[in-house]
Amino acid sequence: MKKVLNVIYSLKGGGAETQLALLVENDALNRQAVFCCDRSGAEYCNKDVLVRVSPRKNIYDLKYLSGFISLLREFGPDVVHIWLPASITIPTMILAKLYGARVIFSYRNTMAFHRGLSVFEFMIALLFSDKIVSNNKIEYSQLVYRKLFQMKSGVVIGNAVAAVEGEIERDFYGATTRILYAGRLTRQKDVPCLLRALSLVNFNWSLDLCGTGEQFEEIGCLVSDLGLEGKVKMRGYCDDIWRYYDSSDLLVSPSLWEGMPNVLVEAMTRGLPCVVSDIPQHRDLLCGDDALEFFEPGSAEKLANKLNEIVHNKTKLEKMSLAGLEIASLYSVESMTSKYSALYQKIG
């Protein structure tokens, strides 16, 4: 049994946080611990998982690192698995390596130099990591990240979804089509494209925007500018996102790029039809012509046309619902956990 110390900002939030929570809850072959700066989500871990919280005031506050050093000494990890964000991964990678642990660095998205900190993080991963693990196909990332993946004998381990029990019967014949967006409100997700598309469609609709992020206020202003206040509900971060999967008629994902699109798989476990941007990461999920409907990324007009086409084709929606259930069955927690467990055993 290996001791694995995971480093992440919190256990509550996006895809990486959800995956880590599932991993530490279900890995019976290794002793898992978590170091984070926000206690949110720690309640999801069972009592056997050590969770140490060392708060920080802002990205320039390095006092939290004393808590990390203390945990290194107390827990004595064989492996330190560095997740995100860069402001935490950079110093903890260095300290973990200096401590003498084997270091795994996670790719949680299509990797590119999106900002200055990305360059620094890349250099630290090059010098201090022993292994790279990616949740998406490495060929989608920039060349230098592909080279680093190759140098470190990287492995790809896809995300998992813990399906909610109980079946749901969907009725696609309501007077109002209930549309759902779930995810971060960032440039990557291109929610403005969705809003502009909905301002062009010719059917009755409502939209639940479940998520938060740096574009929250900007998107709120766009809702007002487009005169959509009565139709769009900005829900913020939702602990009960499964309720929205079950109460919606259609999920739309307009992302410009993705890592592993967790939200799509979650939605499909509930038989929710999905209209998505035509990007490689969405195409990777396809296993059947009826599973997903695609539109040109960034094109509000093409998305509006696709939505007009879909909502009037109830037979198509029912086929998408069934095909989505088939796809979702491929992403089990057991499969993901066993792959990480094998990785930890091998790297040590």
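Everything numeric in this text was worked out from a predicted model, so none of it was measured.

Criteria and thresholds
Residues numbered from 1 in each chain as written. Predicted model: local features only at pLDDT ≥ 70, side-chain atom pairs only at ≥ 80, totals over all residues. Heavy atoms only, no water. Core = buried A, V, L, I, M, F, W, Y, C linked by side-chain atoms within 4.5 Å. Buried < 20%, exposed > 50% of the residue type's maximum accessible area, 1.4 Å probe, protein only. Helix = DSSP H or I, 4+ residues; strand = E, 2+ residues; numbered from the N terminus. Contact = heavy atoms within 4.5 Å. Patch = residues over 30% accessible without salt bridge, like charges linked within 9 Å, V, L, I, M, F, W, Y side chains within 5 Å. Areas by Shrake-Rupley, 256 points an atom, 1.4 Å probe, with all protein chains shown as cover. Salt bridge = Lys/Arg side-chain N within 4 Å of Asp/Glu carboxyl O. Arc of directions from axis to C-beta. 1 Å grid on protein atoms, 1.4 Å probe; cavity = no way out; pocket = protein on both sides within 12 Å on 5 of 7 lines; lining within 4 Å. Points joined across faces, edges and corners; volume = space filled by probe spheres on them. Nonpolar A, V, L, I, M, F, W, Y, C, P; charged D, E, K, R; others polar. Pairing = 2+ DSSP bridges. Right-handed = clockwise from strand over helix to strand, strands pointing away. Axes fitted to C-alpha atoms, helices over the stretch in contact; angles between N-to-C directions.

1. Topic: the nonpolar core
Then, in step 1: Counting residues in hydrophobic clusters, the biggest one holds 32 residues, and the most contacted among them are Leu195, Trp205, Leu207, Leu303 and Leu307.
Then, in step 2: Sorting the residues of this core by element identifies strand S8 (177–182), helix H6 (191–198), strand S9 (205–210), helix H7 (216–225), strand S11 (250–253), helix H11 (300–311) and helix H12 (314–328) as the ones contributing at least two each.
Then, in step 3: Ignoring anything within four residues of it in the chain, the contact list for leucine 307 reads Leu198, Val201, Phe203, Leu250, Val252 and Val275.
Then, in step 4: Counting residues in each nonpolar core, the second largest holds 31 residues, with Leu65, Val80, Ile88 and Phe128 among its members.

2. Details of a nonpolar patch on the surface
Then, in step 1: On the surface, Phe113, Val119, Phe120, Met123 and Val144 cluster together into a nonpolar patch covering about 400 Å² of accessible area.
Then, in step 2: Counting residues per element, the nonpolar patch draws most heavily on helix H4 (residues 116–128), which supplies 3 residues.
Then, in step 3: The residue valine 144 is located in helix H5 (residues 143–151) in this model.
Then, in step 4: Looking at valine 144, the relative accessible area reads 34%, which means it is partly exposed.

3. As for helix H2 (residues 65–75)
In an α-helix, one full turn covers 3.6 residues, which means residues spaced three or four apart are oriented alike.
Then, in step 1: Listed as buried for H2 are Leu65, Gly67, Phe68, Leu71, Leu72 and Phe75. The buried residues of H2 all sit within an arc of 150° when viewed along its axis, so they share a single face. Turned more than 90 degrees from where H2 packs its buried face, Ser66 and Arg73 sit exposed.
Then, in step 2: Count one or two residues on from H2 and you reach glycine 76, which has phi positive near 60°.

4. Observations regarding the layout of surface pockets
Then, in step 1: In this structure, the second largest pocket encloses a volume near 320 Å³.
Then, in step 2: Forming the walls of the second largest pocket are 21 residues, and the residues nearest its centre are Asn135, Gly158, Asn159, Met260 and Tyr331.
Then, in step 3: When residues in the lining of the second largest pocket are grouped by element, the largest group, 3 residues, is from helix H13 (residues 333–347).
Then, in step 4: Classifying every residue of the lining of the second largest pocket by side-chain character gives 10 nonpolar, 8 polar and 3 charged.

5. Some details on empty space enclosed by the protein
Using a probe with the size of a water molecule, rolled over the atoms, empty space left in the structure can be pinpointed.
Then, in step 1: Applying the stated criterion across every chain, the model contains 1 cavity of 30 Å³ or more.
Then, in step 2: Of the voids in this model, the largest cavity is the one considered here, and its volume is about 70 Å³.
Then, in step 3: Here the lining of the largest cavity is composed, by residue class, of 5 nonpolar, 3 polar and 2 charged.

6. A word on the pairing of S8
Then, in step 1: Among the 6 residues that make up S8, 5 are buried, leaving the element largely enclosed by the rest of the structure.
Then, in step 2: Here S8 pairs with S9 via 6 bridges, running parallel. By the bridge assignment for S9, leucine 180 is matched with aspartate 208.
Then, in step 3: Remark: the S8/H6/S9 crossover connection has right-handed handedness.
Then, in step 4: Judged from the 2 bridges that link them, S8 and S11 form a sheet pairing that is parallel. Its bridge partner being in S11, isoleucine 179 is matched across the sheet by leucine 250.

7. Looking at the sheet that holds strand S2 (residues 31–36)
Then, in step 1: With parallel pairing, the 7 strands of this open sheet are ordered in space as S3-S2-S1-S4-S5-S6-S7. Since the sheet does not close on itself, it has two edges, and those belong to strand S3 (50–53) and strand S7 (155–156), each with one partner.
Then, in step 2: With 4 bridges connecting them, S2 and S3 associate as parallel partners. Bridge pairing links cysteine 36 to valine 53 in S3.
Then, in step 3: Sitting on the sheet, helix H1 (residues 15–26) touches strand S1 (3–8), S2 and strand S4 (79–84), and the angle it makes with S4 is about 150°.

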